[in-house]
Amino acid sequence: MTHIDAGSELDPVHPVGPPDGAPAVAVATRTRGLTAAEVAERIARGEVNDVPVRSSRSTAEIVRGNVFTRFNAIIGVLWAIMLVVAPIQDSLFGFVIIANTGIGIIQELRAKKTLDGLAVIGEAKPTVRRDGVAAEISTSQIVLGDVIELGPGDKVVVDGEVAEADNLEVDESLLTGEADPVLKKPGDPMMSGSFVVAGGGAFTATKVGREAYAAQLAEEASRFTLVHSELRSGISTILKYVTWMMVPTALGLILSQMFAKENAFADSVARTIGGIVPMIPEGLVLLTSVAFAIGVIRLGRKQCLVQELPAIEGLARVDVVCLDKTGTLTEGGMDVTELRPLGGADESYVKQVLGALGESDPRPNASLQAIKDAYPDEAEWRVLESLPFSSARKYSGASFSDGTGENSTWLLGAPDVLLPEGDPALAEIDELNAQGLRVLLLARAAGELDDPQVSAGATATALVVLEQRLRPDAGETLAYFADQNVAAKVISGDNAVSVGAVAGKLGLPGAENTVDARTLPKDQAEMAKVLDENAVFGRVTPQQKRDMVAALQSKGHTVAMTGDGVNDVLALKDADIGVSMGSGSEATRAVAQIVLLNNSFATLPSVVAEGRRVIGNITRVATLFLTKTVYSVLLAILVVCTQVDYPFLPRHLTLLSTLTIGVPAFFLALAPNKERAKPHFVRRVMRYSIPSGIIAAAATFTTYLLARSHYTGADALAAETSAATLTLFLVAMWVLAIIARPYTWWRIGLVATMGVGFLLVLAVPWLQNFFALKLVGTTMPWTAVGIAVAAAVLLEAVWRWVGRKWPA
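Residues numbered from 1 in each chain as written. Predicted model: local features only at pLDDT ≥ 70, side-chain atom pairs only at ≥ 80, totals over all residues. Heavy atoms only, no water.

Counting its regular elements, the protein contains 27 helices and 22 strands. Across the 808 residues of the protein, 56% fall into the buried class. In the protein, of all internal contacts separated by at least 6 residues, the share reaching a separation of at least 24 is 73%. Per element, the accessible surface of the protein, about 32,400 Å² overall, is 58% carbon and sulfur. (Helix = DSSP H or I, 4+ residues; strand = E, 2+ residues; numbered from the N terminus. Buried < 20%, exposed > 50% of the residue type's maximum accessible area, 1.4 Å probe, protein only. Contact = heavy atoms within 4.5 Å. Areas by Shrake-Rupley, 256 points an atom, 1.4 Å probe, with all protein chains shown as cover.)

Structure (structure tokens):
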């Protein structure tokens, strides 16, 4: 509670007050803050808050991450050897890797530029007093000893000590795990990472930059990263398995081709490397990075800041989205549409009270701001005590002296909280709520504001009816989620009936069945059941929002939470994906993984679509890459076991990889994909790539062995290689054709173009010579085609069987 000293004064020369011209409520002492000279002195000493709020990967880290990879090192060594011992066409795979790496670096740098630009727009700007004047500055410009003002929703950005407290309540749960707000008094410590839930004040920075341990934790927690997602960890797991398979197989191939064969040394080296290179799915990592980076760029154009990259992937997996009504379904502002005095109260007197209440809070919320705009304070009553609004209490209040010697205490808040059950005024309020209007009760309290039971026995004086402005795009967004089988749950602190009416206007399914959160069961399993069966919940406290998210998660749901107010912070932090509006509080933006800087709820479908595109398409192309790895390893094993020449030179497999994987995978990875992301990435990829690789290897090696018995003479190996290449290409093309489904005109065109490319190589003489591909005779080429057709039929049967046996 704030007790006001009528004799205290503000500095007449350097007035300090809340921003935006809000009137100042005098407190006993106002700290002027540092002078310009003191600030300059601290900057010179390095006492600056130099820990960035958000940090994308540096340019050097991006280059290192793309260039210095395990597989690039292996391929680089093999490429260097090939440049020495073989024609340039057998070294094409090295140039492809250089191009891939360059594309990856360029796309990530573009993503970094987008992210860094958006991060500056969305950065919190604390209000700091210097030379007695309050002004917003960047977090990184705070110096040791700065006096930082605080209001509801503000995040504590550095460690410090309370200098002023106006009923200052701080939530430290993100640091300590303690859910109850802490009432702060002058001299109490303030920890960075906590946030204000009610009241206001100021604190002096005692630790800045990397000296503040909590700030270090916050920096690490919010660092932009490309790792720690199911998709990328799944790819890492696959690459680990590939390495285990590749090393012994490659050693066996080296021994087989270079020491057990009597071929020329250069030819043996070329065929050995030709067997090793295709085992490496190097393009898979590149395409994943590029797909994520392009996703960031696309969303950045829509003013959507992705603060943690896996959030794109996470939102694609969401099957429940929890929406806060105010600021999400409705716009932040409100309008007073009606004032209804109760019990014969004088309307002009009620307007005076409302005007005084509006002026008593230097940081009014949207409801009080609407009242303040509708009823300017003309009586200029003196504030004796004030009680700021709290989401947990659901009301605010103030005590006044009206200048005639009469003192009075007033409360303004939720009618169903302030009035006893069964009060006749509640029926009238229900009618208004059913129209989607927001109703506040003005009540005269019988006790003192510092009494925890101050609302008991309060006299209802007037109803203030507020109209909320619906977001014009909210209805379409809710319809999108319904169409995508994503359940929407509206969770609000407002009256349940009023929230349901708003949701009903926007077409939310089940909006007519509303639940008052005060009736929710405490047991998590029972709460989850109620949440599954209903869509609209009112009178929800901040802690209940958190409990509701946990209850939904306990049922296996992937939960996204949207919000913009301080009462949403705990739920946003605990949800699988937190989405904040750009106009939301500092604390809300700080804990959210995604910030909608344009404050448009309609941007969410774009984020969902982008995530689904990334995950669905990477699953597709990963199957392509892993099929190649499987058949390459199996071909090498078969060659070692049968002690024959490896059938391919590097140029052959470079051509096959380019036409059946590299080029089509790039287009498929960036194509639209609306399918909801599914878990178990590794299992879903391996269940198709392993049988596909086995069939491709078996068909290719069968053709090769038949060709070895068919052809004789000096050029027999070249003819055998050409026949085996034809079979492998046709089987790999059929795998591509399966993965490209469902067909669209451009997908059919893509597959057809790759086929035409291979036909050109077979038809154009100089391309035949360049790639050492020439089909000899008719018997063996048609045999190769026949084996490929049989393999394609087997592929179709196996894919359908796998789909039934292990459905996604």
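Let us keep going from here.
Once that is clear, we can look at the environment of I577. Mapped onto the secondary structure, I577 falls in strand β21 (residues 577–581). The class for I577 is buried, based on a relative accessible area of 4%. Measuring from C-alpha to C-alpha, the distance between I577 and A316 comes to 10.0 Å, with 261 residues separating the pair along the chain. Setting aside its immediate chain neighbours within four residues, I577 contacts A311, G314, L315, V318, V559, A560, M561, Q593 and I594.

This part covers the sheet that holds strand β18 (residues 514–516). The strand order β9-β22-β21-β20-β10-β17-β19-β18 describes an open sheet built from eight strands, whose pairing is mixed. Every other strand in the sheet has two partners, leaving β9 (304–306) and β18 as the edge strands with one partner each. Averaged over all neighbouring strand pairs, the angle between strand axes comes to 20°, with direction disregarded. As paired strands, β9 and strand β22 (residues 594–596) are joined by three bridges and run antiparallel to one another. The residue bridging V306 from the neighbouring strand is I594, located in β22. (Pairing = 2+ DSSP bridges. Axes fitted to C-alpha atoms, helices over the stretch in contact; angles between N-to-C directions.)

Along the chain, the position of N49 falls in the loop between α1 (36–44) and α2 (59–67). Within the local environment of N49, its side chain forms a polar contact with the backbone oxygen of T139, the two atoms lying 3.1 Å apart. Residues contacting N49, with those up to four places away along its chain left out, are T139, S140, I142, V158, V208 and G209. (Polar contact = N/O pair within 3.5 Å; in protein donor to acceptor, adjacent residues only side chain to side chain.)

Below, the discussion takes up the packing of aromatic side chains. The full count for this structure, using the stated rule, is eleven aromatic pairs. Ring geometry for Y646 versus F648: centroids 6.1 Å apart, planes at 75°, classification edge-to-face. Just as Y646 is buried, F648 falls in that class too. Cluster of aromatic residues (ring-pair linked, three or more members): Y349, W381, F400 and W410. (Phe/Tyr/Trp six-rings, centres within 6.5 Å; stacked < 30°, edge-to-face > 60°.)

Let us look at the environment of L255. Of note, L255 is situated in helix α7 (residues 230–258). Residues L255 and V640 lie 385 residues apart in sequence; the distance between their C-alpha atoms is 8.4 Å.

Below, the discussion takes up helix α17 (residues 524–533). For an α-helix the count is 3.6 residues per turn, leaving residues at separations of three or four pointing the same way. Residues of α17 that are buried include every one of M527, A528 and L531, and no others. For α17, the angular spread of buried residues about the axis comes to 100°, placing them on one side. Exposed and facing more than 90 degrees away from the buried side of α17 are K529 and E533. One side-chain oxygen at the N-terminal end of α17 lies 3.2 Å from the backbone nitrogen of A525; it belongs to D523. (Arc of directions from axis to C-beta.)

What follows deals with the packing of helix α21 (residues 604–642) against helix α24 (residues 716–739). The N-to-C vectors of α21 and α24 enclose an angle of 155°; their axes lie 10 Å apart at closest approach. Viewed along their axes, α21 and α24 adopt a mutual orientation that is roughly antiparallel. Note on packing geometry: the crossing formed by α21 with α24 is right-handed. Residues R620, T623, L624, T627 and Y631 of α21 pack against L728, V735, L736 and I739 of α24. (Parallel < 35°, antiparallel > 145°, perpendicular 65-115°, else oblique. Left-handed = near helix turned anticlockwise from the far one by under 90°.)

Attention shifts here to the environment of G355. With respect to the helices and strands, the residue G355 is situated in helix α11 (residues 347–360). Put simply, G355 and L368 are 13 residues apart on the chain and 9.7 Å apart in space, counted from C-alpha to C-alpha. Apart from the residues within four sequence positions on either side, G355 is in contact with Y375, P376 and D377.

Okay, unusual backbone geometry next. At the junction of R741 and P742, the peptide bond is cis and its omega measures out at -5° in the coordinates. By the secondary structure assignment, P742 is in the loop between α24 and α25 (745–763). With a phi angle near 60°, Q303 is a residue other than glycine that sits in the positive phi range. Secondary-structure assignment places Q303 in the loop between α9 (282–300) and β9. Since its relative accessible area comes to 30%, Q303 is described here as partly exposed.

Before going further, it helps to spend a moment on the packing of α17 against helix α18 (residues 542–554). At their nearest, the axes of α17 and α18 sit 8 Å apart, and the two run at 90° to each other. One finds that α17 runs roughly perpendicular with respect to α18. On α18, the residues that touch Q524, M527, A528, L531 and D532 of α17 are D547, M548, A550, A551, L552 and S554.

Before going further, it helps to spend a moment on the pairing of strand β5 (residues 159–171). With ten of 13 residues buried, β5 is to be regarded as a mostly interior element. Pairing between β5 and strand β8 (residues 195–207): ten bridges, direction antiparallel. Paired with V170 across the bridge in β8 is V196. Bridge count for β5 against strand β7 (residues 189–190) is two bridges, and the pairing is antiparallel. Paired with G160 across the bridge in β7 is M190. Relative to strand β6 (residues 182–183), β5 is paired through two bridges, and the arrangement is antiparallel. Looking at β6, one finds that E169 is bridged to L183.

This next bit is on the pattern of salt bridges. The final tally for this structure, using the stated rule, is 21 salt bridges. We note a salt bridge from K545 to D324, for which the minimum N-O separation is 3.1 Å. Within this pair, whereas K545 is found in helix α18, its partner D324 is found in the loop between β10 (320–323) and β11 (330–341), the two being separated by 221 residues in sequence. Like K545, the residue D324 is buried in the burial classification. (Salt bridge = Lys/Arg side-chain N within 4 Å of Asp/Glu carboxyl O.)

Time to look at the confidence of the model for the protein. Counting all residues, the mean pLDDT for the protein is 81, and 89% of those residues have values of 70 or more. Of the regions scoring below 50 in pLDDT, residues 1–29 engages in 51 contacts with residues more than four places distant in sequence or in other chains. Low pLDDT, under 50, characterises residues 218–228; the stretch is placed with 25 contacts to residues that sit more than four places away or in other chains. (pLDDT = per-residue confidence, 0-100.)

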